[in-house]
Amino acid sequence: MTNESRASVNRRTFCGVFGAAALSSVAGFPALANEASSYLFPAPPVLPAFGPIQLAKGRGYFEKAGLDMNFMVGRGGVDVAQQVGAGNATVGGIVADGPILVRGNGIPVKIVCVFGGRGFMQMVVREDSGVTKPADLKGKTITVMSYQDTTYYALLGLLASAGLTKADVNIQSAGPTGVWQLVAAGKAAGMAGVPDWIPPVRAENVKVNILQTEDYFPHMAQGIATSDDMIKKRPDLVKKIVSAALQGMKDIMDDPAGAAADFVKFVPSWQGKEGAIKWTFEYYAKNVYPGQKRLGEVDGARLAKLQDFYLKNGIVQNKVAVDELYTNQFIG
């Protein structure tokens, strides 16, 4: 598929949650449209995982920065990295270890900020599964959103920490809904998921245990990626996007309840489920977002350790210089 046709597909999947572009005007002069930019999500942008971006949009942080941010949807983190690298979107959301998986294959993307200092993927297992540590996953059925999503690779890393491979478990690609539904229905022992998918399982009166991934290997949180070309040619644009997005993250950290109330207003499909959003935002604020010296900062040492882990366990075949994987020039 050409870049042009792929971009056309993405435009068809555009989620117009917030309406038309904002305009600014000064008395006596023609109104000027904000600069159009695009944010490519690895999954439907209505998920609470993307709260920082939705708050930045809904609370006007992008607009105040002179941006008209359009939302598009890809097919998992690896697909997002590929499309951003090809110039089909200004920036994209992927787990911060994403460049490790694609950079060695010639995809020119870097992480420009990360939403938290802890791991994003949560290993959520049914309490009745008997799983209390990664080694217990052997022979179990585990769901993932897709085989192209970076949480899948995090699962492979988690398994490797216990001397297991994907051949030792039954990994099912179930999509953004099936990933938790199969667990709730007892058709899977657990899921390699994100905090967003824990409340729906608990709502089915299923007790779960959560294995913190970073207790076993240095997984990372979700981040924003952009291309080398964008960093070189439009650092001002990247800076504006990063600053607005990090303000949305800070809002959740400072006031999860207030952020949840606004999130439901901006994403009305969650109306009636305000409690689930509040729980999820509190989980992010406590277990994912902390641990950074500067808000949004990428920990290069952690990234290097993670790349070594992936290389040692055959998850990637090529090693690249760590400074090619990220930059902190746009934070702070």
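All of these numbers come straight from a predicted model, not from anything done at the bench.

Undergrad: Could you give an account of the sheet that holds strand β12 (residues 222-227), naming the residues involved and the relevant values?
TA: Judged by pairing direction, the sheet is mixed, and its 5 strands sit side by side in the order β4-β3-β5-β12-β6 without closing on themselves. A strand with exactly one partner marks an edge of an open sheet, and here the two such strands are β4 (67-73) and β6 (109-114). Here the strands of the sheet are splayed against their neighbours by 35° on average, with no regard to which way each runs. With 5 bridges connecting them, β6 and β12 associate as antiparallel partners. Looking across to β12, one finds that Cys 113 is bridged to Ile 224. This element, helix α2 (residues 51-58), spans β3 (35-41), β4 and β12 of the sheet and lies at about 145° to β4.

Undergrad: An account of helix α7 (residues 175-184) is needed here, citing residue identities and associated values.
TA: For α7, every residue scored as buried is listed here: Gly 175, Gly 178, Val 179, Trp 180, Val 183 and Ala 184. Count one or two residues on from α7 and you reach Gly 186, which has phi positive near 80°.

Undergrad: Tell me what's going on with the sheet that holds strand β10 (residues 190-193), and back it up with residues and numbers.
TA: As summarised here, the arrangement of the 5 strands in space is β9-β8-β10-β7-β11, forming an open sheet in which the pairing is mixed. Two strands in the sheet have a free side with no partner beyond their single neighbour: β9 (170-173) and β11 (208-212). Going across the sheet, the axis of each strand differs from the next one's by a mean of 25°, ignoring polarity. Helix-sheet contacts for α7 involve β7 (122-126), β8 (141-144), β9 and β10, and the interaxial angle to β8 is about 155°.

Undergrad: Explain the domain arrangement of the protein to me, using residue names and the numbers behind them.
TA: Per the domain assignment, the segments of the protein are domain 1 (35-119 + 220-324) and domain 2 (122-215). Taken over C-alpha atoms, the centre of domain 1 sits 22 Å from the centre of domain 2. With 29 residues of domain 1 at the interface, the matching set in domain 2 holds 23 residues. For the domain 1 face of the interface with domain 2, the top three residues by lost area are Trp 279, Tyr 283 and Ile 315, together amounting to 26%. Linking domain 1 with domain 2 are 0 salt bridges. At the surface where domain 1 touches domain 2, the tally comes to 5 residue pairs in polar contact (both at pLDDT 80 or more). Secondary-structure elements contributing two or more residues to the side of domain 1 that touches domain 2 are α4 (77-85), α5 (98-102), α12 (274-287) and α13 (300-312). Examining the composition of the side of domain 1 that touches domain 2, we find that 6 residues originate from one element, α12, more than from any other. The residue inventory of the side of domain 1 that touches domain 2, partitioned by class, reads 17 nonpolar, 8 polar and 4 charged.

Rules of the game
- Residues numbered from 1 in each chain as written.
- Predicted model: local features only at pLDDT ≥ 70, side-chain atom pairs only at ≥ 80, totals over all residues.
- Heavy atoms only, no water.
- Pairing = 2+ DSSP bridges.
- Helix = DSSP H or I, 4+ residues; strand = E, 2+ residues; numbered from the N terminus.
- Axes fitted to C-alpha atoms, helices over the stretch in contact; angles between N-to-C directions.
- Contact = heavy atoms within 4.5 Å.
- Buried < 20%, exposed > 50% of the residue type's maximum accessible area, 1.4 Å probe, protein only.
- Domains from an automatic or database assignment.
- Buried area = accessible area lost by both parts, 1.4 Å probe.
- Salt bridge = Lys/Arg side-chain N within 4 Å of Asp/Glu carboxyl O.
- Polar contact = N/O pair within 3.5 Å; in protein donor to acceptor, adjacent residues only side chain to side chain.
- Nonpolar A, V, L, I, M, F, W, Y, C, P; charged D, E, K, R; others polar.

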